[in-house]
Amino acid sequence: MDRTPIKIPPVLALIIDAAQYRGCRCSDILCDRRTEVRTRFAIMWVASVAHRLSLPKIGKEMGGLHHTTCLNGIRRAETYRRTDKDFHQMAEWLLDRAMKRIELEQMEMEMAA
């Protein structure tokens, strides 16, 4: 039996982490309701900063959002990081988790080579 780990797409991993942080379901983050809109902004921001994903790629992985929606979300996230302590804390937690995941993937690639 092959024990190759399954690679989770970066935005999906961020959504899972955010749901864990917020104590909600992934579907709550991806739905059209505004209850988790700031969480979506944080995910977009981390996806662009840590993973360097394009706006269309972020939008596609977040349920088919238009790239301009993602651009707006990233800009709003940058504002909230400066003005909202709770948002800043969530965004930094997600960024830290993403960076640790990236480091782990790089170590696994080096070990496999």
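Going by the structure above, here's the rest.
Described below are features of the structure shown in this document. Because the structure is predicted, anything quoted here is derived from the model rather than measured. Note that residues are indexed from 1 along each chain, following the sequence as it is written. The model is predicted, so local features are restricted to residues of pLDDT at least 70 and side-chain atom pairs to those at 80 or more, both for listing and for counting; the totals for chains, interfaces and linings are taken over all residues. As a convention, hydrogens and water are excluded, and side-chain values are obtained from all of the structure's heavy atoms.

Right, let's get into the layout of surface pockets. Picture a little ball the size of a water molecule; that probe, rolled over the atoms, points out where space is still empty. A volume near 420 Å³ is recorded for the largest pocket. For cavity detection a 1 Å grid was placed over the protein atoms alone, and a set of points counts as a cavity when a 1.4 Å probe fits there but cannot get out; an open set counts as a pocket when protein lies on both sides within 12 Å along at least five of seven lines, with lining residues being those that have an atom within 4 Å of a point. Taken together, 16 residues form the lining of the largest pocket, with Lys-7, Ile-8, Arg-101, Glu-105 and Glu-108 sitting closest to its centre. Put simply, DSSP H or I for four residues or longer makes a helix, DSSP E for two residues or longer makes a strand, and each gets a number counted from the N terminus. Breaking the lining of the largest pocket down by element, the ones donating at least two residues are α1 (10–22) and α6 (85–112). Here the element with the most residues in the lining of the largest pocket is α6; it accounts for 7 residues. For this classification, the nonpolar set comprises Ala, Val, Leu, Ile, Met, Phe, Trp, Tyr, Cys and Pro, the charged set comprises Asp, Glu, Lys and Arg, and every other residue, Gly included, is treated as polar. In terms of residue class, the lining of the largest pocket is built from 9 nonpolar, 2 polar and 5 charged. Grid points are joined across faces, edges and corners, and a volume is the space filled by probe spheres set on the points. Of the pockets and cavities examined, the second largest pocket occupies roughly 240 Å³.

A few words on unusual backbone geometry. Backbone geometry places Arg-52, a non-glycine residue, at a positive phi of 55°. In this fold, Arg-52 is placed in the loop between α3 (37–49) and α4 (55–61). Throughout, exposure labels follow a simple rule: accessible area from a 1.4 Å probe, protein chains only, divided by the maximum for the residue type, with under 20% read as buried, over 50% as exposed, and the rest as partly exposed. Judged by relative accessible area, which is 69%, Arg-52 ranks as exposed.

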